[in-house]
Amino acid sequence: MSNYSNTIAGYFVKKGWLTPELQAWGAYAIEKRILHLVAVLIFIVLLGAICGYINALAFYATFSLLRGCCGGWHASKPLHCICVSVLVAIGLGFLQHVLARGVCVISVCCIIPSVVVLFRWAPAHTAQMKLTEEEYVACRKQMRIRTVGCGFAALLCLLIPSQSVCTAGGYIAFAFLLAAVSVGVMQINRIGKNGRTGT
């Protein structure tokens, strides 16, 4: 993978799109993007095969929107990210049978506590992402707008008298839950580190 990303970064330098000083950074960024794309494709193909591509896209679109401004736990290595994506897809596939028993009740039980967690603790970014106060406020505002918008999308899906649309609403609710769990894990890690350092 490194050879491909270095070749692409070298091409960008030749074209003048990237300065030679930034070639190593460009190669790293390209490699991260390619691996992220691989993880996304594996996730959507696997989840789509298990429970349908509309549900997979509903889940992934909602999770991406929330995750983009909520932050949360990140896998330390790209390979770990791919493994987590596969496990989440398989887990969501098993949850399809749970949804069949009461999609509306289960979805509400996922969304309400998730919104509370997101409004309380998000955005939860890693220490490497140093946000200014203005950036943090803007990110928090964007997070709240997206959370409310995705919540309305889930509610709309649940109100439409169609089993397939209701199920898609359930997967939107699962996306809320996973985003909230990710933020919660980040917050618990932060509290644990602060406790160990005594701050």
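Please refer to the structure higher up on the page.
Note that the coordinates shown come from a computational prediction; the quantities given were computed from them, not determined experimentally. (Residues numbered from 1 in each chain as written. Predicted model: local features only at pLDDT ≥ 70, side-chain atom pairs only at ≥ 80, totals over all residues. Heavy atoms only, no water.)

1. Comments concerning the nonpolar core
Okay, step 1: Core analysis: the biggest nonpolar cluster contains 39 residues, and L47, F59 and L118 have the highest contact counts within it.
Okay, step 2: Counting only elements with at least two residues in this core, the list comes to α2 (23-51), α3 (53-70), α4 (78-99), α5 (103-121), α6 (133-159) and α7 (163-197).
Okay, step 3: The element that contributes the greatest number of residues to this core is α7, accounting for 12 residues.
Okay, step 4: Every residue in contact with L47, bar those within four places of it in the chain, is listed here: G52, A56, F59, A89, L92 and G93. (Core = buried A, V, L, I, M, F, W, Y, C linked by side-chain atoms within 4.5 Å. Buried < 20%, exposed > 50% of the residue type's maximum accessible area, 1.4 Å probe, protein only. Helix = DSSP H or I, 4+ residues; strand = E, 2+ residues; numbered from the N terminus. Contact = heavy atoms within 4.5 Å.)

2. What about α2?
Okay, step 1: Compared with the 42 Å implied by 1.5 Å per residue over 29 residues, the 42 Å span of α2 between its first and last C-alpha is a close match.
Okay, step 2: Listed in full, the buried residues belonging to α2 are G26, A27, I30, L35, A39, V40, F43, I44, L47, G48 and C51.
Okay, step 3: Following α2 by one or two positions, G52 has its phi on the positive side, about 100 degrees. (Expected span 1.5 Å × (residues − 1).)

3. Some remarks on the environment of I8
Okay, step 1: Relative to the elements of secondary structure, I8 occurs in helix α1 (residues 2-15).
Okay, step 2: Separated by 76 residues in sequence, I8 and V84 place their C-alpha atoms 28 Å apart.

4. Structural notes on α3
Okay, step 1: For α3, which comprises 18 residues, the first-to-last C-alpha distance of 25 Å matches the rise-based estimate of 26 Å (1.5 Å per residue) to within 8%.
Okay, step 2: For α3, the complete set of buried residues consists of N55, A56, A58, F59, T62, F63, L66, R67, C69 and C70.
Okay, step 3: Two residues or fewer after α3 comes G71, characterised by a positive phi angle close to 70 degrees.

5. Brief notes about the side chain of N55
Okay, step 1: Turning to its location among the elements, N55 is positioned in helix α3.
Okay, step 2: In this structure the side chain of N55 is engaged in a polar contact, spanning 2.7 Å, whose partner is the backbone oxygen of C51.
Okay, step 3: Contact partners of N55, with chain neighbours within four places excluded, come to S164, T167, A168 and Y171. (Polar contact = N/O pair within 3.5 Å; in protein donor to acceptor, adjacent residues only side chain to side chain.)

6. Side note on the environment of K77
Okay, step 1: Mapped onto the secondary structure, K77 falls in the loop between α3 and α4.
Okay, step 2: Assessed through its relative accessible area of 51%, K77 is described here as exposed.
Okay, step 3: Separated by 54 residues in sequence, K77 and Q23 have C-alpha atoms that sit 21 Å apart.

7. A few points about the packing of α5 against α6
Okay, step 1: Relative to each other, α5 and α6 sit at 175 degrees, their axes nearing to 11 Å. The angle between α5 and α6 falls in the class roughly antiparallel. Within the contact between the two elements, α5 uses V103, C104, S107, I111, V115, L118, F119 and R120 and α6 uses R140, M143, R144, T147, V148, A154 and L158.
Okay, step 2: When its residues are assigned to classes, the contact of α5 with α6 shows 10 nonpolar, 2 polar and 3 charged. (Axes fitted to C-alpha atoms, helices over the stretch in contact; angles between N-to-C directions. Parallel < 35°, antiparallel > 145°, perpendicular 65-115°, else oblique. Nonpolar A, V, L, I, M, F, W, Y, C, P; charged D, E, K, R; others polar.)

8. What to know about a nonpolar patch on the surface
Okay, step 1: Taken together, the side chains of W73, V84, L177, V181 and V185 make up a nonpolar region of the molecular surface, amounting to roughly 360 Å² of accessible area.
Okay, step 2: Broken down by element, the nonpolar patch gets its largest block of residues, 3 residues, from α7. (Patch = residues over 30% accessible without salt bridge, like charges linked within 9 Å, V, L, I, M, F, W, Y side chains within 5 Å. Areas by Shrake-Rupley, 256 points an atom, 1.4 Å probe, with all protein chains shown as cover. Salt bridge = Lys/Arg side-chain N within 4 Å of Asp/Glu carboxyl O.)

9. Side note on the packing of aromatic side chains
Okay, step 1: The final tally for this structure, using the stated rule, is 7 aromatic pairs.
Okay, step 2: A ring pair is formed by Y11 and F12, whose centres lie 6.3 Å apart and whose planes are at 50 degrees; its orientation type is tilted.
Okay, step 3: In this structure Y11 comes out as partly exposed when scored by relative accessible area, which is 43%.
Okay, step 4: On the basis of relative accessibility, which here comes to 27%, the residue F12 falls in the partly exposed class.
Okay, step 5: Taken together, a centroid distance of 5.5 Å and an interplanar angle of 40 degrees make the contact between F43 and F59 tilted. Within this pair, whereas F43 is found in helix α2, its partner F59 is found in helix α3, the two being separated by 16 residues in sequence.
Okay, step 6: Using a relative accessible area of 5% as the deciding quantity, one classes F43 as buried.
Okay, step 7: Of the aromatic side chains, those joined through ring pairs into one cluster are F43, F59, Y60 and F63. (Phe/Tyr/Trp six-rings, centres within 6.5 Å; stacked < 30°, edge-to-face > 60°.)

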